[in-house]
Amino acid sequence: MHEALICAAVVAVSAVVITGSVKYVSLEDQLLEEGTISGSGRRTCRLYCRVGIGFHLQIHTDGRVNGSHEPNQLSVLELFAVSQGVIGIRGVYSNRFLAMNKRGRLHAIERFTDDCRFWERFQESSYNTYASVLHRNHQTGRDWYVALNKRGKSKMGSSPRVKSQHVSTHFLPRLNVHNLQSVRGFTITDRSKERRKNQPPLIQPPSQPYRDVNAETGKRVQTVKYWPKFRFG
C-alpha cells in the first residue's frame with residue numbers, strides 16, 4: 001500500500017530520478033507521451049501576415065515577438081496539434097513557444113503552458129487566424145487574436161480593433177522554408193532597345209560633306225547626301 005502511494009506521488013510531480021538528479025518533464029513532453037500531440041500533426045512553416053508590406057511572424061530568443069518582411073531563421077516556426085482545432089506555435093531557432101498573457105500581449109516563453117494554446121481557424125480569404133484559447137473578453141465573448149500592425153510590431157489581442165475580419169490577423173502558412181537562397185529570380189531584357197542602339201540611323205551623313213556652288217549667289221553651300229531605305233514586302 002505504501003509503495004503504491006509513493007509511486008503515485010512520483011507520477012503526480014512528473015519527475016524522473018536519474019543518478020541522484022531530478023529531471024522535470026515539460027507539459028509538451030507529457031502531451032506527446034499521452035498521444036495528445038502526434039508526430040503527424042507537426043508542421044514546419046512560416047506564418048505570413050499580409051498587413052502593410054507583408055511580414056513573417058518571428059520569435060526571438062529573448063521572448064520578443066514581431067514580424068520581418070524578409071524571411072529568416074527566426075521566422076521558421078513549428079505548429080503542432082494539441083487537440084482538435086487547437087495548436088501550439090514554437091520558434092525552431094529560438095526554441096520558445098508563442099504565448100498571450102491575460103492582457104492580450106504576445107510574448108514567447110521556454111515552457112509550454114495554457115497561454116500557448118491557440119484556436120486555428122480557416123477564413124474565407126484562404127488565410128488563417130489564431131485566437132487564444134484561454135484569454136478573451138469575458139464580457140462580450142470576443143476572441144483575442146494574434147496580430148501584427150503595418151510596421152511589423154505585435155498588436156494587443158485585447159484591442160477592439162483586432163478582429164478576425166482585419167488583415168492584421170490573417171496569416172498564410174508557407175511550408176517551403178528550405179533552400180530559399182537557391183531560388184533565383186529572372187530578368188527580361190528588351191532586345192528591341194539593344195537593336196535600336198546598334199542599328200545605323202536611317203539618314204547617314206557622308207564622311208566628307210559634299211560642297212557645291214549656288215548659281216545665283218555664287219557661294220558654296222554644304223549638301224547632305226541621303227541614303228534611301230528600301231523595304232520589301
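Fair warning: this is a prediction, and the values are worked out from it, not measured in the lab.

Participant: Even after reading the chapter, I still don't get the side chain of Ser132, so can you show me in this structure?
Facilitator: Along the chain, Ser132 turns up in strand 11 (residues 128-136). Among the polar contacts made by the side chain of Ser132, one reaches the main-chain amide nitrogen of Leu134 at a distance of 3.4 Å. At a separation of 3.1 Å, a polar atom in the side chain of Ser132 contacts the main-chain amide nitrogen of His135. Other than its neighbours up to four places away in sequence, Ser132 contacts Met100, Arg117, Phe118, Trp119 and Trp144.

Participant: What exactly am I supposed to notice about the packing of aromatic side chains here?
Facilitator: Aromatic rings considered in pairs are described by the distance between their centres and by the relative angle of their planes. Taken as a whole and assessed by the stated rule, the structure comprises 4 aromatic pairs. Centroid distance Phe80 to Phe97: 6.1 Å. Interplanar angle 85 degrees. Geometry classified as edge-to-face. Of this pair, Phe80 sits in strand 6 (residues 77-83) while Phe97 sits in strand 8 (residues 97-100), placing them 17 residues apart in sequence. Of the two residues, Phe80 and Phe97, neither departs from the other in class, the shared state being buried. Taking 5.4 Å as the distance between ring centres and 55 degrees as the angle between the ring planes, the aromatic pair formed by Phe80 and Phe112 counts as tilted. Of the two residues, Phe80 is situated in strand 6 and Phe112 in the loop between strand 9 (106-109) and strand 10 (118-122); the sequence distance between them amounts to 32 residues.

Participant: Teacher, can you tell me more about the pairing of strand 9 here?
Facilitator: Residues in a regular strand point their side chains to alternate faces of the sheet. Looking at chain direction, strand 8 and strand 9 are connected through 4 bridges and run antiparallel. Paired with Phe97 across the strands is Ile109, a residue of strand 9. Taking the residues between adjacent antiparallel strands as the criterion, strand 8 and strand 9 are bridged by 5 residues, where Gly104 takes a positive phi near 95 degrees.

Participant: How should I be thinking about the pattern of salt bridges in this particular structure?
Facilitator: Any two side chains of opposite charge can pair, so long as their charged atoms come close to each other. Taken as a whole, this structure holds 8 salt bridges when the rule is applied. In this structure, the salt-bridge partner of Glu78 is Arg90, at a minimum N-O distance of 3.0 Å. With Glu78 in strand 6 and Arg90 in strand 7 (residues 86-91), this pair connects stretches of sequence that are 12 residues apart. Of the two residues, Glu78 and Arg90, both sit in the buried class.

Participant: So what exactly am I meant to see when it comes to the pairing of strand 3 (residues 42-49) here?
Facilitator: Pairing geometry for strand 3 and strand 6, over 4 bridges, is antiparallel. Considered in strand 6, the bridge of Arg42 is made with Phe80. Relative to strand 13 (residues 171-174), strand 3 is paired through 4 bridges, and the arrangement is antiparallel. Along strand 13, the bridge assignment pairs Tyr48 with Leu172. Linkage of strand 3 to strand 4 (residues 55-59), two consecutive antiparallel strands, is achieved through a turn of 5 residues, within which Gly52 is found at a positive phi near 60 degrees.

Participant: Got a minute to help me understand the environment of Tyr93 in this structure?
Facilitator: Counting through the fold element by element, Tyr93 comes out in the loop between strand 7 and strand 8. With 21 residues separating them along the chain, Tyr93 and Asn72 place their C-alpha atoms 9.9 Å apart. Setting aside residues no more than four positions away along its own chain, Tyr93 makes contact with Thr61, Gln73, Leu74 and Val76.

Participant: Looking at this structure, I do not really get the environment of Cys49. What am I missing?
Facilitator: Secondary-structure assignment places Cys49 in strand 3. For the pair formed by Cys49 and Tyr127, sequence separation is 78 residues and the distance between their alpha carbons is 8.8 Å.

Participant: Before we go on, may I ask you to explain the nonpolar core in this structure?
Facilitator: Most often, soluble globular proteins keep nonpolar side chains buried together rather than apart. Leu47, Leu57, Ile89, Leu98 and Tyr130 are the most contacted members of the largest nonpolar core, which has 22 residues in total. For this core, the secondary-structure elements that each account for two or more residues are strand 3, strand 4, strand 6, strand 7, strand 8 and strand 9. Residue contacts for Tyr130: discarding those within four places in its chain leaves Leu47, Leu79, Ile87, Ile89, Phe118, Trp119, Glu120, Trp144, Tyr145, Val146, Phe171 and Pro173.

Participant: Looking at this structure, I do not really get the confidence of the model for the chain. What am I missing?
Facilitator: For residues with low pLDDT, the predicted coordinates do not support detailed interpretation. For the chain, the average pLDDT comes to 76, and 58% of its residues sit at 70 or higher. Mean pLDDT per element in the chain: strand 1 (residues 15-18) is the minimum at 40, and strand 8 is the maximum at 98. Low pLDDT (under 50) marks residues 30-38, which in the prediction has 17 contacts with non-local residues, meaning those over four places away or in another chain. Low pLDDT, under 50, characterises residues 179-189; the predicted model gives this stretch 3 contacts beyond four residues in sequence or across chains.

Participant: Is there a simple way to think about unusual backbone geometry in this case?
Facilitator: Leave glycine aside and you will find that most residues have negative phi; peptide bonds, for their part, are mostly trans. Although it is not a glycine, Asn95 adopts a positive phi angle of roughly 55 degrees. The residue Asn95 is located in the loop between strand 7 and strand 8 in this model. Phi is positive for Ser126, close to 70 degrees, though the residue is something other than glycine. Mapped onto the fold, Ser126 is located in the loop between strand 10 and strand 11.

Cut-offs and rules
- Sequence positions are assigned chain by chain, starting from 1 and proceeding in written order.
- Only residues with pLDDT of at least 70 get local features here, since the model is predicted, and only at 80 or more are side-chain atom pairs given and counted; chain-wide, interface and lining totals rely on the full set of residues.
- Just so you know, side-chain values use all the structure's heavy atoms and leave hydrogens and water out.
- For helices the rule is a DSSP run of H or I covering at least 4 residues; for strands it is a run of E covering at least 2, with both sets numbered from the N terminus onward.
- For this analysis, a polar contact is any N or O atom pair within 3.5 Å, provided that within protein one partner can donate a hydrogen and the other can accept it, and provided that sequence-adjacent residues contribute only side-chain to side-chain pairs.
- Note on contacts: a residue pair is in contact if any heavy atoms of the two residues lie within 4.5 Å.
- Two aromatic rings from Phe, Tyr or Trp, using only the six-membered ring of Trp, form a pair when their centres are within 6.5 Å; if the ring planes differ by under 30 degrees the pair is stacked, by over 60 it is edge-to-face, and anything between is tilted.
- Exposure is judged per residue with a 1.4 Å probe applied to protein chains only, and the accessible area is read against the type maximum: over 50% gives exposed, under 20% gives buried, and values in between give partly exposed.
- Here, any two strands with at least 2 DSSP bridges between them count as paired.
- We define a salt bridge as a contact between a side-chain nitrogen of Lys or Arg and a carboxyl oxygen of Asp or Glu at a distance within 4 Å.
- Nonpolar cores were defined as sets of buried Ala, Val, Leu, Ile, Met, Phe, Trp, Tyr and Cys residues, with membership established by side-chain atoms within 4.5 Å.
- Note on scores: pLDDT gives the predictor's confidence for each residue, bounded by 0 and 100.

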